[in-house]
Amino acid sequence: MNVGCVILACTLLVGASVGSKAVQPLKAPCRPGFSQNFYTVIVPRDVLHGQSILKVKFEDCQRSREVGFISNDPNFSVRPDGTVYAEQEVANLSEPVQFMVTARGLHDPHIWETTVKLALAGHPHPLALTKVGFEDMLSRVWESQPRVIKFARKHQRSSSVNGLRRQKRDWVIPPINVPENSRGPFPHMLVRIRSDQDKDVGIRYSITGAGADQPPSGIYNIDPISGNMFVTQPLDREERASFHLRAHAVDMNGNQVENPIDLYIYVIDMNDNRPEFQNQVYNGSVAEGSKPGSSVMQVTATDSDDSTTANGMVRYRILSQTPHSPIPNMFTINSETGDIVTVAAGLDREKVSQYTIIVQATDMEGNLNFGLSNTATALISITDINDNPPELTVRTFSGEVPENKVNVVVTNLTVVDRDQPHSPNWNAVYRIVSGDPSGHFTIRTNPITNEGMLTVVKPVDFEMNRAFMLTVVVSNQAHLASGIQSSLQSTAGVTISVQDVNEPPVFPVNPKMIRFEEGVPAGTTLTVFAAQDPDHFIHQIVRYSKLSDPANWLKINRTNGQITTMALLDRESMYVKNNVYEATFLAFDNGKSGSPQASGTGTLQIYLIDVNDNAPVLVPREAQVCERARPNSRINITASDADADPNVGPFVFELPSFPASVRRNWTISRLSGDYAQLRLRIPYLEASVYEIPVIVSDSGNPPLSNRSLIRIKVCPCDDSGDCSATGAVAAAGLGTGAIIAILICIIILLSMVLLFVVWMKRREKERQAKPLLIDPEDDVRDNILKYDEEGGGEEDQDYDLSQLQQPESLDHIINKPAGVRRVDERPVIAESQYPVRPSLPHPGDIGDFIIDGLRAADNDPTAPPYDSLLVFDYEGSGSTAGSVSSLNSISSGDQDYDYLNDWGPRFKKLADLYGGGDDD
């Protein structure tokens, strides 16, 4: 097989890396990729000895993407930083070397490619394309395409050592350049692919890759027999700038005849896109009075064409400025960066507040003949500076104000400021520099009108100052701009007249504090609480009255304000707070012509000094303790005193000496100044309720003592030290059964009360029916009882003998004849004979019968019960019966009382007592 050679066609170099102008291009929006599509390097021969040749620059737009570089020429490699170097010595280069450098993301499928062409020093190299005609460029591009591309053959040679074969280096296929927007005709032939084996076997050619059999498919195709490759439609570099295809050669059976070769197709840019501004309207600002060269704003336009060629290089210029004041060219623009700056002084916001500038962007480096243009509007606002001081409209202002008034606007100060309204450069600040040493006035700024409101903040007194002369200065919130002086009209005078009004009387000392001991008697003069009338130029009479006296302790003299007491002053009163009693008094004048009365109030504070007038008291008043002394059987008691130091604690606790059982059974010890502990002295005390007197004394001079009774319940205790009965009730609680039992007890009690009331009513009716007869069931001791009174029982021995007397008929007692009175022993003389009661006595004879019986009993010394007193109820006045107290009989001998049994049931009790002879 003959050794095939690779025929390299000359290529047109578009976009030279060496330009004639060192111009910084406009920075386009960042797009990842190589900074250039084509690198051309001229190096001396001695560099190609394993040394670095150049460095390709890859822009990843700060995405920190990991990119690897690969060269398709085995003689050259690329380091991770983009440095291209020779793998081994390369000599005898008769013509330039061209190869591809591919950048591939390590974690994404993106691929970027660039072409590197090396030429040794001394060889001619193509020049960069500058400004040439478009048709001329197209002609050169089309005519420079390689017409035939052959597959490289594999040359083999045997190794003299081990028989291994080494492949001969193949030439790199140069890229194919196709201009965008070509008008055809299409399909247009680009190159012819052929194999030198097509003479021996039938060859079929094909191409693969994006643009052929992959999207966007159909842009390129190849004649399978002739190997002619065509482009079928116009290309757009802005849609796709390059294509990477692979050419294949197979025999009629589909067997691979040649190794695939890589075809790189670059779309040559043409100027088919205008620059586009990012915004149609730009807004910027610059301060008025700025110096020339001050930055204003930046406008930016981008061009979709290749930014490495003139097609994408944009230049700026200003087309117009509105208005033309003070000159038509107040601004200029940097043609490459788009920065707008001032070129002249004289910016004045008060004259021109905004400028409108039309900016033009042109590609082809600003060449108006070849380049495309676009325009945008820049609005430049002139910002305000404080270059105009505020000026008061007049030199003198005037106003008047009534005395003793505050928050009254005296006058409004008007001002003019030409700076921007409602800004710190316009907002006025007023100051009073003289004429008001006491600070009676202040000036507040009206936020809407910017006027100064001169206001009274401290009352003025007509008697002290009848007029004020103020000097006012106005300034701005912001300082004046450098070089601007304050105006003389920023200062003005203000004349203020004070109007006299009727002022109320004033207490010189308010509140007034005095000190007195509590308990001073009524009528004591405490102080003179007098007020003064501020109206010195008018004579008025001041009168006084009491306005507030919570305890009604004080009174005030109407004419001179003398304070006297009407009651004792008590520091412990509920109206005294922190030892101070407060009362308020009113002072009022009689007014003047045209003015009503004016009144003022004053507060008198009386500090009451404590005296020891309250004895201490003890708490608690009730307690309980176990009947057997235990360590925890103690009662803690506390003493309190309504007085204050030093008339309170420490207190002295003691038990009285009488009764002696208190100190014998109990002991008390003081725990601290206010606390003591009471406990049993003996081991055991019978369970009961005891009232223990305790004497407590305070520390006053002289001290006061108080004897307090503490009611102590002594009870049996359980193991925990609690009273067993109380503990049992507390532990058991009130269940359903207990509640039912309580209800039953209440019902029984109510029933008993009801029965008792019914019985009492019945007895009352019987008594009213027979008032003179006695029920023998009432009293076993012959006592006559009133049915509506309780008492008179057998244990009741305290009798009121005066109730047995009848005041209207005492003669029978006073005139009683002297005789032998009863003694402790029964006399042995003969008994008196008592009258015999008729069997059927008439009610009117009962009185005579009783009198006769009484007379007989008075003369009977043997009548029992000897020296005992018989108690009878007093039956009221008007009774014909005399007193039956101490019946004394003058008769002698024993009497027979059996006849009492014949008197009926009402005298049965008497028959039982006196009848029966010795059995009684």
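Each helix and strand counted, the protein has seven helices and 50 strands in total. Taking all 920 residues of the protein together, 38% fall into the buried category. Counting contacts in the protein only where the partners sit at least 6 residues apart, residues at least 24 apart contribute 68% of the total.

Here four strands make up an open sheet; going across it, the order is β44-β50-β49-β46 and the pairing mixed. The sheet is open, and its two edges are formed by β44 (622–626) and β46 (652–654), each paired on a single side. Taking the axes of each pair of neighbouring strands and ignoring which way they run, one obtains an average angle of 35 degrees across the sheet. In terms of strand pairing, β44 meets strand β50 (residues 705–715) through five bridges, oriented parallel. Residue Ala 623 lies in a different strand from β50, and its bridge partner there is Ile 712.

A few words now on the state of the cysteines. On inspection of all chains with the given rule, the structure shows one disulfide. Note that Cys 626 is cross-linked by a disulfide to Cys 717, the S-S spacing being 1.9 Å. What sets the handedness of the Cys 626 and Cys 717 disulfide is the S-S torsion sign, and at about -105 degrees it is left-handed. Pair noted here: Cys 626 is in strand β44 and Cys 717 is in the loop between β50 and α3 (724–732), with a separation of 91 residues, a long-range link. Each member of the pair, Cys 626 together with Cys 717, is buried.

The next point concerns unusual backbone geometry. Residue Pro 216 follows Pro 215 across a cis peptide bond; omega there is -5 degrees. With respect to the helices and strands, Pro 216 occurs in the loop between β13 (204–208) and β14 (220–222). The omega torsion of the bond from Asn 510 to Pro 511 falls at 0 degrees, within 30 degrees of zero and hence cis. Tracing the backbone through its elements, the reader meets Pro 511 in the loop between β35 (491–499) and β36 (512–517).

What follows is about the packing of aromatic side chains. A full pass over the atoms with the stated rule returns 14 aromatic pairs. Between Phe 58 and Phe 69, the aromatic rings sit 6.2 Å apart at their centres with planes inclined by 80 degrees, giving edge-to-face as the arrangement. Of this pair, Phe 58 sits in strand β4 (residues 58–59) while Phe 69 sits in strand β5 (residues 67–71), placing them eleven residues apart in sequence. With respect to burial, Phe 58 and Phe 69 carry one shared label: buried. Judged by centre distance (6.3 Å) and plane angle (70 degrees), the ring pair of Phe 277 and Tyr 282 falls under edge-to-face. The buried category is assigned to Phe 277, whose relative accessible area is 10%. Judged by its relative accessible area of 8%, Tyr 282 falls in the buried class. Each member of the aromatic cluster is reached from another via a ring pair, and the members are Phe 34, Phe 58, Phe 69 and Trp 112.

What follows covers the environment of Trp 553. In this fold, Trp 553 is placed in the loop between β38 (543–548) and β39 (554–556). Distance from Trp 553 to Asp 570, taken between C-alpha atoms, is 9.6 Å for residues 17 residues apart in sequence. Discounting chain neighbours no more than four positions away, the residues touching Trp 553 are Thr 564, Thr 565, Met 566, Ala 567, Leu 568, Leu 569, Asp 570, Ser 573, Val 576, Tyr 581 and Leu 608.

To continue, consider the sheet that holds strand β11 (residues 176–179). Judged by pairing direction, the sheet is mixed, and its four strands sit side by side in the order β11-β17-β16-β13 without closing on themselves. Two strands in the sheet have a free side with no partner beyond their single neighbour: β11 and β13. Here the average twist between neighbouring strands, direction ignored, is 30 degrees. Bridge analysis of β13 against strand β16 (residues 242–250) gives five bridges, and the strand direction is antiparallel. Across the sheet, the residue bridging to Ile 207 is Ala 247, located in β16.

Right, let's talk about the nonpolar core for a bit. Membership of the largest hydrophobic core comes to 26 residues, with the highest contact counts inside it found for Ile 193, Tyr 220, Met 229 and Leu 263. If near-sequence neighbours (up to four positions away) are discounted, Ile 193 is found in contact with Ile 149, Phe 151, Tyr 205, Ile 222, Ser 226, Gly 227, Ala 247, Ile 261 and Leu 263. The next biggest cluster of nonpolar side chains, apart from the first, holds 24 residues, and it includes Phe 277, Val 286, Val 314 and Ala 376.

Taken as a whole and assessed by the stated rule, the structure comprises eleven salt bridges. Between Glu 572 and Arg 571 there is a salt bridge, and its shortest N-O distance comes to 3.0 Å. We classify Arg 571 as buried; its relative accessible area is 10%. Among the charged side chains, a network of salt bridges with common partners joins Arg 237, Glu 238 and Asp 269.

Reading guide: rules and limits
- All residue numbers refer to position in the chain's written sequence, counted from 1.
- Predicted model: local features are reported for residues with pLDDT of at least 70 only, side-chain atom pairs are reported and counted for 80 or more only, and whole-chain, interface and lining totals are derived from all residues.
- To get the side-chain values, take all heavy atoms of the structure and skip hydrogens and water.
- Put simply, DSSP marks the helices as runs of H or I at least four residues long and the strands as runs of E at least two long, and each gets a number from the N terminus on.
- Each residue is assigned to one of three classes by its accessible area relative to the maximum for its type, calculated with a 1.4 Å probe on protein chains only: buried under 20%, partly exposed between the two thresholds, exposed over 50%.
- Note on contacts: a residue pair qualifies if any of its non-hydrogen atoms lie within 4.5 Å across the two residues.
- Only strands joined by at least two bridges in the DSSP assignment are considered to pair.
- The axes used here are C-alpha line fits, helices contributing only the stretch in contact, and every angle between their N-to-C directions lies in the interval 0 to 180 degrees.
- In plain terms, two cysteine sulfur atoms within 2.5 Å form what is called a disulfide here.
- For Phe, Tyr and Trp, where Trp contributes only its six-membered ring, two rings pair if their centres lie within 6.5 Å, and the inter-plane angle classes them as stacked under 30 degrees, edge-to-face over 60, or tilted in between.
- Working definition of a nonpolar core: buried Ala, Val, Leu, Ile, Met, Phe, Trp, Tyr and Cys residues. They are joined through side-chain atoms within 4.5 Å.
- Salt bridge, as used here, is a side-chain nitrogen of Lys or Arg placed within 4 Å of a carboxyl oxygen of Asp or Glu.

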